[in-house]
4 protein chains.
Amino acid sequence: MNFASDNCGPALPEVMQALASANAGFQPSYGADALMEAVRTRLREIFEAPQAAVYLVATGTAANSLALATLAQPWQTIFCTPLAHVQTDECQAPEFYTGGAKLTLVGEGDKMTPAALQAAIARLSPGDVHVSQRGPVALTQVTEMGHLYTLDELAALTAAAADHDLPVYMDGARFANAVAALGCTPAEMTWKAGIDAVSLGGTKNGCLGVEAVIFFDPAQAWEFELRRKRGAHLFSKHRYLSAQMLAYLDDDLWLRAARAANDRAARLARGLRDVPGVRFLAEPQANMIFASLPRATHQRLHASGAVYGLSDGPLEGGDPADHLAMRLVCDWSIEEAQIDRFIQIALG
Amino acid sequence: MNFASDNCGPALPEVMQALASANAGFQPSYGADALMEAVRTRLREIFEAPQAAVYLVATGTAANSLALATLAQPWQTIFCTPLAHVQTDECQAPEFYTGGAKLTLVGEGDKMTPAALQAAIARLSPGDVHVSQRGPVALTQVTEMGHLYTLDELAALTAAAADHDLPVYMDGARFANAVAALGCTPAEMTWKAGIDAVSLGGTKNGCLGVEAVIFFDPAQAWEFELRRKRGAHLFSKHRYLSAQMLAYLDDDLWLRAARAANDRAARLARGLRDVPGVRFLAEPQANMIFASLPRATHQRLHASGAVYGLSDGPLEGGDPADHLAMRLVCDWSIEEAQIDRFIQIALG
Amino acid sequence: MNFASDNCGPALPEVMQALASANAGFQPSYGADALMEAVRTRLREIFEAPQAAVYLVATGTAANSLALATLAQPWQTIFCTPLAHVQTDECQAPEFYTGGAKLTLVGEGDKMTPAALQAAIARLSPGDVHVSQRGPVALTQVTEMGHLYTLDELAALTAAAADHDLPVYMDGARFANAVAALGCTPAEMTWKAGIDAVSLGGTKNGCLGVEAVIFFDPAQAWEFELRRKRGAHLFSKHRYLSAQMLAYLDDDLWLRAARAANDRAARLARGLRDVPGVRFLAEPQANMIFASLPRATHQRLHASGAVYGLSDGPLEGGDPADHLAMRLVCDWSIEEAQIDRFIQIALG
Amino acid sequence: MNFASDNCGPALPEVMQALASANAGFQPSYGADALMEAVRTRLREIFEAPQAAVYLVATGTAANSLALATLAQPWQTIFCTPLAHVQTDECQAPEFYTGGAKLTLVGEGDKMTPAALQAAIARLSPGDVHVSQRGPVALTQVTEMGHLYTLDELAALTAAAADHDLPVYMDGARFANAVAALGCTPAEMTWKAGIDAVSLGGTKNGCLGVEAVIFFDPAQAWEFELRRKRGAHLFSKHRYLSAQMLAYLDDDLWLRAARAANDRAARLARGLRDVPGVRFLAEPQANMIFASLPRATHQRLHASGAVYGLSDGPLEGGDPADHLAMRLVCDWSIEEAQIDRFIQIALG
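This is a predicted model, so every value here is computed, not measured.

Draft legend 1. Spotlight on the relation of the copies chain D and chain C. Aligned on chain C, chain D shows an RMSD of 0.0 Å; the corresponding rotation is 180° and the shift along the axis is 0.0 Å. With respect to symmetry, the two chain copies, as superposed, fit the operation of a two-fold axis. Taking C-alpha positions as reference, the residue of chain D nearest the rotation axis is Gly231 of chain D, located at 3.6 Å. Both copies contact each other with a shared surface, as 98% of the interface residues of chain D are interface residues in chain C too.

Draft legend 2. Seen up close, the interface of chain D and chain C. Counting from both sides, the interface comprises 48 residues of chain D and, opposite them, 47 residues of chain C. Summed over both sides, the interface of chain D with chain C buries roughly 4,000 Å², with 61% coming from carbon and sulfur. Looking only at chain D, the three residues that lose the most surface to chain C are Phe26, Phe96 and Lys237 of chain D, adding up to 21% of its buried area. Our enumeration of links across chain D and chain C arrives at 26 residue pairs in polar contact (both at pLDDT 80 or more).

Draft legend 3. Local environment of the sheet that holds strand 3 (residues 102-105) of chain D. Residues and elements named next belong to chain D. If you walk across this open sheet you meet the 7 strands as 1-7-6-5-4-2-3, and the pairing is mixed. Two strands bound the open sheet, and with one partner strand each, they are strand 1 (53-57) and strand 3. With strand direction ignored, the average angle separating the axes of adjacent strands in the sheet is 25°. As judged from the 5 bridges shared by strand 1 and strand 7 (residues 211-215), these two strands associate in the antiparallel manner. By the bridge assignment, Leu56 is partnered in strand 7 with Ala212. Sheet contacts for helix 3 (residues 60-71): strand 1, strand 2 (76-80), strand 4 (133-140), strand 5 (168-171), strand 6 (197-201) and strand 7; angle to strand 7, the most-contacted strand, approximately 15°.

Draft legend 4. Molecular detail of the interface of chain B and chain C. Each partner contributes residues to the interface: chain B has 17 residues there, and chain C has 17 residues. It is Trp75, Val129 and Arg230 of chain B that lose the most area in chain B upon contact with chain C, and together they represent 40% of the buried surface on that side. Joining chain B to chain C, the criterion identifies 0 salt bridges. Joining chain B to chain C, the criterion identifies 4 residue pairs in polar contact (both at pLDDT 80 or more). Per-element tally for the side of chain B that touches chain C: the top contributor is helix 10 (residues 221-230) of chain B, with 7 residues. Of the residues in the side of chain B that touches chain C, the class split is 7 nonpolar, 4 polar and 6 charged.

What counts, and where the lines are drawn
Residues numbered from 1 in each chain as written. Chains lettered and ligands numbered in written order. Predicted model: local features only at pLDDT ≥ 70, side-chain atom pairs only at ≥ 80, totals over all residues. Heavy atoms only, no water. Least-squares fit on C-alpha atoms with pLDDT ≥ 70 in both. Contact = heavy atoms within 4.5 Å. Buried area = accessible area lost by both parts, 1.4 Å probe. Polar contact = N/O pair within 3.5 Å; in protein donor to acceptor, adjacent residues only side chain to side chain. Pairing = 2+ DSSP bridges. Helix = DSSP H or I, 4+ residues; strand = E, 2+ residues; numbered from the N terminus. Axes fitted to C-alpha atoms, helices over the stretch in contact; angles between N-to-C directions. Salt bridge = Lys/Arg side-chain N within 4 Å of Asp/Glu carboxyl O. Nonpolar A, V, L, I, M, F, W, Y, C, P; charged D, E, K, R; others polar.

All we've got here are geometric facts, nothing functional implied.
Below, the structure written as structure tokens:
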């Protein structure tokens, strides 16, 4: 009953098999492997973006930091939410990679509204050398609280950014879960909605450690390549990144794994609704659940071996004093039986 | 007949098997996995350094840059050779990670002498705010030209550094090849010789992508951890780094693989000595050979499918005009038959 | 009638005279001038801090950035208010000089409370490698809205910082105005109140361009010297910085100039209270006034040649729709007659 | 008898007078002062460059670092000589301001040859992500050894850079001395010779502390402005920088002061040629002399109160063992009588 994070589970068997298959003979290093050529082709197809620049790195923080550093100047500020992973969970990697850009926090929660974004942008006069200069907007899809931006919401946000010629980056650590939940195409959720660059996470959805970074404008490709190498994120035995990603993309494995995770979370949420004293802190839309429960229920769960974290989000006013917030994350591998057992214990 | 680099070959079967075995169930993320505890214990045993701080990263450039950034202040200069990997092959990753440290080039080749190091240090007056401040010394063992520092040479260099309280880092991308070639212990080649921090490379010697970084003074551990996270080099699914390293260390696999590579290179060197027109540009001591051959011989080899690179090292004056320098690297997997065939073709 | 800023007025005659006097013969460069020795002695006396490390730079942003970079690690966050000069007016110089530190905004206005500081500190778990690490606290005295921290308020804030071993820096761009207004000693407002480092501004109070930076713990001196040189802020003809500061300190000129500015602002505030429709946005405590006036009054003032800025502070809800906020700053040189004329015009 | 440096002497009376004149009433801050408008116009006339972007900073290191940071990307290397001020005397300010660019040392001395530059450029393959990327060329005119590049030499160097689309920056800390010595126009020595950006130093030639930075392509203006502010080098009371520069440019004061300095150095060099045992280490071409003298002669000079430094340049093999190298710098203020007395003492 492990719901700690989708980075605690195992890799998909197809991914492991692909690694084994890739482990034969010699291959050119540093991204010149034959498998990477296939990855590039496949991702361009999936994104309906034949010109896109496509890269692989091994961690989500690398994807975010390198992409944002390519989009932002050191004297600019990045617009993100106060709960954004780049703000709260990366030990200031974006500040490091950009050479000292600022993160301006928009709104109060995990989702940004166009009005809040417009206000934050408007506060910084262009042409005033004293203030932070306006820079890229960073959105997370699925958000850090398990929410989704609808396609319309994305379009409105990117329009607000475009009004000021600001690029928009999408942190897609859970990109697959979002596409699966929205039932849209990758193109619809990205460049068709005005996104300039995106990461497509593999690590949290059944890979060992691989994230794709896609720039829809290939003009930014070479700078990204230099930043990746200089950041020590260019793998010599790159074939093992390629192999993971290729297997992940084959036969919609990425979507199937995400659907499994989302379905499990939905089942878990359904069950939780009957648990006495439960309160959902966020409407579950993908594979994460934020809810509060009475302390006694938590104790019962932990005594039974359930593993999960306290929520990163603040516990709002509505809860009784003895309630504690939790974050439950379902990955592709969690079994329905474990979910049902969790619910049973929670029901008491 | 691939001698392009030891980062072009496959991973060791034991390492692949360990990855598969590690892929079961849930594990805490970000280095809290059970396998990492075993790696830490094992590396401390191997280095006879029970207090050492031990970390894993996925690339050699990450190991070098993060370790040097931990040892150097931004206003200091790192002393290294003109052929050092950190100088020639990392797109200025050390400058990036240190926040603008300089690399002062010592001597002319791939090996540093104590006299040259002393002279370079002496040129920078301590207490003069205008000049680069003296910083760490970076040595590569095996060097970029396939040479070895003897234990005495290491001791003399670290003594020169210690005279000025400068720490010494060893880039051990081919650490195993060096230990195998010298027949010494890891402790003798590092802290017993005055080395403060070292990387022990797995990637070039049969892993997919893993390098250990060891600080013999654990006081530097926390800063390294912060730098690793901030550099986006802390893996969430860390167990897959741990599993590689643990398998690599088990039963001296790391040494056995290195000995295989070194032996193959020795066989190749022996055979090459009979090739008409050959000239060795460096005395082969580990798994790399730098030699020049007549252009016609190169053409014959390439026509037969041999793959290898032009040497990074300069072609010295002694060669006839039609000679070209080459770099041949043997990894653990190269077969004797391929070496023999290479020689046969070269012999013409 | 210029109230635009205290950086728009002329230098004090005594300062100009000192420059002229200093312009004789040869002097050692880079801070080794005889006048700097006198500055050092004088500042140590004034601060009752015989061990303090004392430096001069030419701009307030340099003082702030270099001091904060000396106190903060790149992976730490600096705690300051949302209106702090370091946050809003320095084009991310602190981020640049620290190598990517973050600024965490405490509270809503220009003054920080101990409770808000404690909450902001508590939000970042020490020992968690993923989050911003706790770093120095930066206070501005006089604040950007013209407020003062009392000595008790300072002591409470530094105590909150000391609970977590965090150093406290005071941006004293208007240090003299604060000392003059509080009627305390420099020591009482700094190290006796728990401040670790402070700038004492000259530029806004009658110098051409000079700020002292004082570290009460001399252990940080050498790093600051290196950062100052590396930041290109060490003057070769340093005597001209020394001469300004020495004249500024002589015979309490710094305090006399500040008292003049504060008195003028008090006169202006008194007069403004009778202006129809006026509303003070902040209680004036030093040499700055933030107030809102009807648009028609502004138009009359501008037509008469009055120069002043729109307030940086937000216009709060209580004002009628046709009101606009202004910032009026008095420097030492503004004449009473100009203030009286300003009031007369405002009265209509 | 002070020949320590041209940053040890006093400021020109005209410059001091201009400061006093500028010290009246209120002026807009941060470069919007009326005097700066006149400086801009004047410099564009002097350089015959009506579109040039023109800025003032207070130190030579700021001019160099900010200009190079505007021209270089962090992953590029700057080509300069081993004796370049940016390499030897700025505590790695260029590395800091560029965010980690490297300095590649071209040749052995203070002057770069086109062949050496071409070779250094050629060594770095464009498009290879592993190596330092080619960046700007930095020349110093007058060089650090008191030499001059002829206009033809400059043209040949900038042509070599232009072959690879690399910009060329001229460190003109002693720009006036060079123009005076070459008898050319500022335009001929800069953009007509292929220079992209240049500093025109005031500090070493009779100002208190001011350097102009000129970009002949105004497209780089805004980035420079942001870098200057972020580097804390934008002066609030900017009029005092403007006033210095304007007085310096008026009536060719800059050239007259430089001619005075050059003439004094020529007189000193003529006299020195008769001193027993003297050897010139560099042919004096502007206001600096590098020569070696017997230790006994040095002792006599120092006993008489002469002040000068040991040369930064290496003492070459030709000197007797008891000789020591010296650097003598003449500024505009040094009197002929002092020079004659120095010679007399040296003659013994």
